[in-house]
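If you want the building blocks of each chain, they are given just below.
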Amino acid sequence: MRTVEVTDDLQAYLDGLVPRRDAVLARMEKEATDEGIPIVEPHEGALLYLLVKLARAKRVLELGTATGYSGIWLLRGTDGGTLTTYEMDPERVKRARANFSEAGFGQVALVLQENAKDGLEKLEARFDACFIDLLNSFKSEDITRRVVELCLERLDPGGLLMADNALRQGEVLHPDNQQAKNVRFYNEFVAKHPRLESVVIPIRDGLSVARVKD
């Protein structure tokens, strides 16, 4: 079967099928476009929402908050659950907290200003789902491995492990920089991990979705 190329027009069509966003998300999308803030965008946001909802996840862990766009989608999928999310940039931490509050999640979104790996080393909480949005930021494959291990230690059976940018704009085929090497390593590590069953969905820049086996 011939693979369909996702052109800009086709992506716009797909995004148009996503339900109309409320004022908070619409504003954040405009800010992302105007200021170059990386967000998962509406089509992938809707997928994250559905995955969390289908898994009936109530406790979500996120690595890489930015200004809170993906976190809002994740929280809405929990139907009253909580989010613990890590972000190092103090300005983005401030904006994320404000956005969560405006979206009605001020009391259930814990935004921690800390390096995600260092924070996870101390974190004792359990989670039903984890979303990693830092594959492009890790400094090495060893750190990538350690972060995955830390996330798995905190996920219960049936829990979801998701990661954005799993295709790295196609660079995973012939990785010639550290970030692309990290992403390729992550994909292969997750695919071969005995505790996980996984797939990479070619939406946007690729979303890796794995489930912890029962």
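Placed above this text is the structure.
Quick caveat: nothing in here was measured; it's all calculated off a predicted structure.

A. Structural detail: the sheet that holds strand E3 (residues 109–113). Taken in spatial order, the seven strands line up as E3-E2-E1-E4-E5-E7-E6 in an open sheet, and their pairing is mixed. Edge positions in the sheet fall to E3 and strand E6 (196–201), since each of these pairs with one other strand and no more. Neighbour-to-neighbour, the strand axes of the sheet open up by a mean angle of 15°, direction not taken into account. Inspection of the sheet shows strand E4 (residues 127–132) paired to strand E5 (residues 155–164) by five bridges, in the parallel sense. Within E5, the position partnered with Phe-131 by the bridge is Met-162. Where helix H3 (residues 41–54) meets the sheet, its contacts fall on strand E1 (59–63), E4, E5, E6 and strand E7 (207–212), and the angle it forms with E5 comes to roughly 175°. Across the face of the sheet, helix H5 (residues 90–102) comes into contact with strand E2 (82–87) and E3 while running at roughly 175° to E3.

B. A look at the packing of aromatic side chains. The full count for this structure, using the stated rule, is two aromatic pairs. Seen from their ring centres, Tyr-69 and Trp-73 are 6.4 Å apart, and the 70° between their planes marks the pair as edge-to-face. Separated by four residues within a single helix, Tyr-69 and Trp-73 lie in helix H4 (residues 69–78), roughly one turn from each other. Judged by its relative accessible area of 2%, Tyr-69 is buried. Consider the rings of Phe-185 and Phe-189, whose centres lie 5.6 Å apart with planes at 15°: the pair is stacked. Highlighted residues: Phe-185 and Phe-189, both in helix H8 (residues 178–192), separated by four residues, approximately one helical turn.

C. Up close: helix H2 (residues 23–35). Between its first and last C-alpha atoms H2 spans 18 Å; for 13 residues at 1.5 Å apiece the expected length is 18 Å, and the two agree. Those residues of H2 lying buried are Val-24, Leu-25, Met-28, Glu-29, Glu-31 and Ala-32. End-on view of H2: buried residues confined to an arc of 165°, all on one side of the axis. Across from the buried face of H2, at angles greater than 90 degrees, the exposed residues are Ala-23, Lys-30, Thr-33 and Asp-34. Two or three places before Val-24, at the opening of H2, Asp-22 has a side-chain oxygen 3.2 Å from that residue's backbone nitrogen.

What counts, and at which threshold
- Residue positions are given per chain, counted from 1 along the sequence in the order it is written.
- Thresholds applied to this predicted model are a pLDDT of at least 70 for local features of residues and 80 or more for the giving and counting of side-chain atom pairs; totals over whole chains, interfaces and linings are not thresholded and use all residues.
- Only heavy atoms go into the side-chain values, all of them from the structure, while hydrogens and water stay out.
- Two strands qualify as a pair provided DSSP detects at least 2 bridges between them.
- Under the scheme used here, helices are H or I runs from DSSP no shorter than 4 residues and strands are E runs no shorter than 2 residues, and both carry numbers assigned from the N terminus.
- Only the stretch in contact is used when fitting a helix axis, every axis being a line fitted to C-alpha atoms; angles between N-to-C directions are given from 0 to 180 degrees.
- Should any heavy atoms of two residues lie within 4.5 Å, those residues are counted as being in contact.
- Two rings from Phe, Tyr or Trp (for Trp, the six-membered ring) form a pair when their centres sit within 6.5 Å of each other. Planes less than 30 degrees apart are called stacked, planes more than 60 degrees apart edge-to-face, and all others tilted.
- For each residue, the accessible area found with a 1.4 Å probe, counting protein chains only, is set against the maximum for its type, and the residue is called buried under 20%, exposed over 50%, and partly exposed in between.
- One less than the residue count of a helix, multiplied by 1.5 Å, gives the span that helix is expected to have.
- Arc definition: directions from the helix axis to the C-beta atoms.
- Residues adjacent in sequence count toward polar contacts only when both atoms are side-chain atoms; beyond that, a polar contact is any pair of N or O atoms within 3.5 Å, and within protein one must be able to donate a hydrogen and the other to accept it.

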